[in-house]
Amino acid sequence: METLLSPAPTPAVAGAAAPVTVAMGDGIGPEIMTQVLRILDAAGARLAPDFIEVGEQQYRAGHSSGIAPEAWDSLRRTGVLLKAPITTPLGGGYKSLNVTLRKTLGLYANVRPNRSLHPAVATRFPTLDVVIIRENEEDLYAGIEHQQTPDVVQCLKLVSRPGCEKIVRYAFEYCRQHGRRKVTCMTKDNIMKLTDGLFHRVFMEIGREYPEIEQEHQIIDIGAARLADTPERYDVVLTLNLYGDIISDIVAQIAGSVGLAGSANIGEGGALFEAIHGSAPDIAGGDIANPSGLLQAALLMLRHLGQSEVAQVVENAWLRTLEDGLHTADIYRADASRERVGTTAFADAVIARLGQQPAQLGIARPAPAPTQTTPRPSLPLVPRVRPQQELVGTDVFVLAHDAVPDELGQQLRALAEPALHLKIITNRGVKVFPQGHSETFCTDHWRCRFVSAQAVAGSEPYYAPVTYPQVLALLSRLTAAGLTVIKTENLYLFDGQRGFSLGQGE
Ligand code: NAD
């Protein structure tokens with residue numbers, strides 16, 4: 001069991017109960033949370049829980065993010081949330097509670113330790129021991145989506161340098177603290193050269209400060225395939241938000257079951273601990289759910305709170321219970337289990353084994369002392385000089401039904417002159433003007449790239465400055481000509497470096 005690199009809010013008085021906010025959740029949430037709190041209490045965890053309501057009822061009461069305004073007061077006071085899974089009602093208008101909590105509280109690091117529990121829990125990978133560290137606030141999960149035309153919708157992928165620096169440094173510091181020897185960074189920067197490229201670049205920059213840690217980069221598609229095939233070759237995997245969401249479920253599942261894994265969301269202002277599974281409405285109320293995932297999350301929380309010794313006792317009792325073959329239905333196998341137990345009976349069995357250790361699974365490792373879990377109160381960002389930002393053009397996105405690329409191109413060229421020049425039109429990123437291919441399928445969404453007319457005289461990569469009034473004048477001419485402008489993206493150079501991708505075929 002791992003501890004977390006985080007601003008551990010150790011109680012002011014040693015041995016005092018740590019205030020924590022607790023959300024019972026929906027579906028199986030109340031059943032598994034009740035049993036987890038029983039186990040923690042029996043083990044002597046020093047906690048002062050403050051219960052809040054989040055989830056389905058709050059959504060239905062009109063809180064679009066599933067959380068009542070007063071719950072934030074508790075979160076601000078404790079800085080720690082232990083949360084059971086919730087049910088997100090179907091239908092539009094509801095925002096994800098988890099994404100809201102992560103982004104509002106600045107929980108930038110999502111940490112999911114996964115380790116095989118062979119032979120107690122069946123897995124094809126008996127030596128799997130992988131920690132997934134996932135950026136938690138940015139990427140496509142910024143949740144900025146728009147329908148731009150009848151045919152085309154868009155989701156913005158936002159990646160920031162400070163966001164990359166925080167998560168990359170977190171991953172390396174985590175390795176140092178836990179004696180982990182290798183970080184594998186996974187991106188798709190062969191395609192997304194600016195966004196994923198920035199993440200990869202920051203990984204290499206900050207990695208130089210950690211020469212003792214082995215470092216490698218893999219493209220996410222082959223990386224995910226290898227992770228599913230030979231997880232033993234990985235130690236810590238660092239990646240962006242969406243990829244991390246996907247691969248962390250894959251690794252949890254091949255380690256044994258998604259029902260066994262917990263996760264931590266860590267930020268400078270707080271921390272959220274939860275199981276990785278959902279509210280399982282199909283089995284709710286039956287006292288058959290496995291409380292292990294939430295228990296793992298609670299152990300991460302105890303270590304975060306500086307109560308590692310309690311976490312170790314609980315973890316050993318839990319491992320012993322699994323090893324003794326007392327299994328909930330999700331992991332029960334007639335040939336490997338001794339008895340199929342329900343949620344309450346499983347918790348009873350863990351409580352009965354407090355103080356015992358597993359014989360085969362390897363006992364829980366002692367965690368670093370609380371002071372060692374916070375080597376830096378705040379992870380430093382790389383200082384840098386702000387680059388010079390120069391406007392050199394604009395991409396104007398135009399709605400046009402059944403347009404003929406050459407005709408649209410000629411019309412736009414005439415409207416752009418004399419200050420600006422239409423360089424290229426793309427449709428879904430592929431060049432269709434000038435000299436497009438007649439086979440290219442076109443939607444009603446056209447990206448028209450205008451640059452300075454002076455730049456055309458030069459040779460690539462040459463861009464000349466453009467003024468914003470020139471851009472505004474262009475937009476006025478386009479709309480006056482009856483064209484529908486959906487949006488614009490300005491084209492900038494940063495210290496002379498191109499800050500935009502080229503169209504395919506540009
Ligand atoms: P789920 O994880 O709830 O269930 C998937 C399957 O796994 C089901 O068959 C379920 O019975 C089983 N399962 C899950 N947890 C289990 C456990 N502890 N013990 C035994 N079996 C378990 O996923 P879902 O069905 O896609 O989602 C159900 C609801 O949960 C949805 O409303 C979804 O939005 C929500 N959800 C919430 C969270 C969260 O709060 N963090 C995460 C994921 C999904």
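This structure is a prediction, so every number in the text was calculated from the model and none was measured. (Residues numbered from 1 in each chain as written. Predicted model: local features only at pLDDT ≥ 70, side-chain atom pairs only at ≥ 80, totals over all residues. Heavy atoms only, no water.)

Caption draft 1: Region of interest: the site of the ligand. By nearness alone, 18 residues border the ligand, and Ile86, Gly278, Ala280, Asp282 and Asn290 come closest of all. Between the ligand and Asn98 there is a distance of 3.1 Å, counted from a nitrogen atom to a side-chain nitrogen or oxygen. At 2.7 Å from an oxygen atom of the ligand is found a main-chain nitrogen or oxygen belonging to Ala280. Look at the ligand: alone it shows 810 Å² of surface, and the protein chains cover 64% of it. Here the residues of the shell around the ligand are counted per class, giving seven nonpolar, seven polar and four charged. (Near = heavy atom within 4 Å. Polar contact = N/O pair within 3.5 Å; in protein donor to acceptor, adjacent residues only side chain to side chain. Areas by Shrake-Rupley, 256 points an atom, 1.4 Å probe, with all protein chains shown as cover. Nonpolar A, V, L, I, M, F, W, Y, C, P; charged D, E, K, R; others polar.)

Caption draft 2: A look at the state of the cysteines. Overall, the coordinates contain zero disulfides when judged by the stated rule. Of all cysteine sulfurs, the one in Cys164 lies closest to Cys185, which takes part in no disulfide; the gap is 9.0 Å. Residue Cys448 stays outside any disulfide, its sulfur separated by 11 Å from that of Cys442, the closest cysteine. (Disulfide = S-S within 2.5 Å.)

Caption draft 3: Representation of helix H9 (residues 292–304). With 13 residues, H9 extends 18 Å between its outermost C-alpha atoms, agreeing within 8% with the 18 Å of an ideal straight helix rising 1.5 Å per residue. With 13 of 13 residues buried, H9 is to be regarded as a mostly interior element. Among the residues trailing H9, Gly306 stands out with phi positive, at a value near 85 degrees. (Helix = DSSP H or I, 4+ residues; strand = E, 2+ residues; numbered from the N terminus. Expected span 1.5 Å × (residues − 1). Buried < 20%, exposed > 50% of the residue type's maximum accessible area, 1.4 Å probe, protein only.)

Caption draft 4: Examining the domain arrangement of the chain more closely. Under the domain assignment used here, the chain contains domain 1 (1–95 + 277–368) and domain 2 (389–498). For domain 1 versus domain 2, the separation of C-alpha centres amounts to 54 Å. (Domains from an automatic or database assignment.)

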